[in-house]
Structures are given as structure tokens and as C-alpha cells.
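Report on the structure
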Amino acid sequence: MKFYDVNVSLGGYPFRHIPRHTAAEVREDLENMGCMGALAVNNGSLLYADTRQANLELVEMIADHTGFFYGCATVNPTWPKAEEELDEFVDQYGFKAMRLLPMFHKYQLMEAEKLVRYAASRKIPVLIPQEIVDYRQQTLWEPREQLPYDDMLELAKAVPEATIIWLFGGFDDQAPA
């Protein structure tokens, strides 16, 4: 079976050991499973206040893997130059999508509406993880709950023209009936 992975994280994680986290190691593992290519993010973007720096690190991580890894810019919509940052990574570095992290970057998902609307105008898919790790087993510094479905639904209704990819959805009991 051949497939593409839209949710690959590269780099170390500050709260747990990840044995195979370099681009070369992850690519090898994915190719061994039949993966044809992957949309990748930098784990560092979870805790960087300046997501631009984490995205620049991702550029370096995937530089030797052109045609397999495609960058996904993590952007904080509360920063004043969020649209410019998205433009930079899409136009200059060829990134294919944008990821939002409201639970880690401490904002309400609807605060991203303007940026999501902008991404939609550029036909840039938006990835929104419900959680990064099981919130019931987190350390003191990780979010203590999942991103609520209702927040995601509110944003999807507000920006119906956007392509929104909801990551990790469905692993709890908050899904609408």
C-alpha cells in the first residue's frame, strides 16, 4: 500500500524521549511502510514563542529530503506578522500547509479566524491538532485538556471556504452525537 502522511513531527520533544526523530530516520521508517511523502512540522514549534524560528529550523531539517518532506508552517495568529510569516514559508520555502496550536500557544481558536480566512484565500490547508500527546498523561507544562470539538466547529462554520484538517479527532467522548 502506498500513502502520504499529513502529520509528521520532526525533532526532539521536550517532555519525552523520541528515539527516531531526525528527518533521515523518520523518512526511512515511513518509506519502509510504503509512504510516498509527508507533510512535516518541527516539534520545537510547540514551545517556541517565535514560531518563525522553529519553521526556519524545519527548513534546515527537510533540506536534504526535497520531494519527500513538505513543510507545514506552525503560525501563532496572535503575533502581529502572522500573515507575513505564512507568506514567507509558503512563497520562499515552498511549505504546503499551516498548523495552529491554540492549546500550546494559549489562544482561543476563534482568534485564528482572520489568519484561517487568509490561508483559505491562498488555498493553504490548515491543520489543527486536537491534542499532541494524550492529555491525561502530560507533564506539568503540557495542556491539561484537548481542544474542544465545538471550537473547531465554530471556526469551520466561520470560514467555510477553508480546508481544515482536524488531527487526532475522535479519541474522547466530546464528539457530537
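Residues numbered from 1 in each chain as written. Predicted model: local features only at pLDDT ≥ 70, side-chain atom pairs only at ≥ 80, totals over all residues. Heavy atoms only, no water.

As for the pattern of salt bridges
Taken as a whole and assessed by the stated rule, the structure comprises 9 salt bridges. Note that Arg52 is salt-bridged to Glu88, the shortest N-O span being 2.8 Å. Linking Arg52 in helix α2 (residues 51-62) with Glu88 in helix α3 (residues 82-92), this pair joins segments that are 36 residues apart in sequence. Residues participating in the shared-partner salt-bridge network are Arg20, Glu28 and Asp29. (Salt bridge = Lys/Arg side-chain N within 4 Å of Asp/Glu carboxyl O. Helix = DSSP H or I, 4+ residues; strand = E, 2+ residues; numbered from the N terminus.)

What about the sheet that holds strand β6 (residues 164-167)?
Within the open sheet, the 6 strands sit side by side as β1-β2-β3-β4-β5-β6. Their pairing is parallel. The open sheet has two edge strands, β1 (3-10) and β6, and neither has a second partner. Direction aside, the axes of adjacent strands within the sheet are offset by 30 degrees on average. Note: strand β2 (residues 35-42) against strand β3 (residues 69-74), 3 bridges, orientation parallel. If you follow Ala40 over to β3, its bridge partner there is Gly71. Against the sheet, helix α6 (residues 149-158) contacts β5 (126-129) and β6, and its axis sits at roughly 175 degrees relative to β6. (Pairing = 2+ DSSP bridges. Axes fitted to C-alpha atoms, helices over the stretch in contact; angles between N-to-C directions. Contact = heavy atoms within 4.5 Å.)

Examining α3
Residues that lie three or four places apart on an α-helix share one face, since the helix turns once every 3.6 residues. Among all positions in α3, only Ala82, Glu85, Leu86, Asp87, Glu88, Phe89 and Val90 are buried. Buried residues along α3 sit in contact with α2, β3, β4 (97-99) and α5 (113-121). Gly94, located one to two residues past α3, shows a positive phi value of around 75 degrees. (Buried < 20%, exposed > 50% of the residue type's maximum accessible area, 1.4 Å probe, protein only.)

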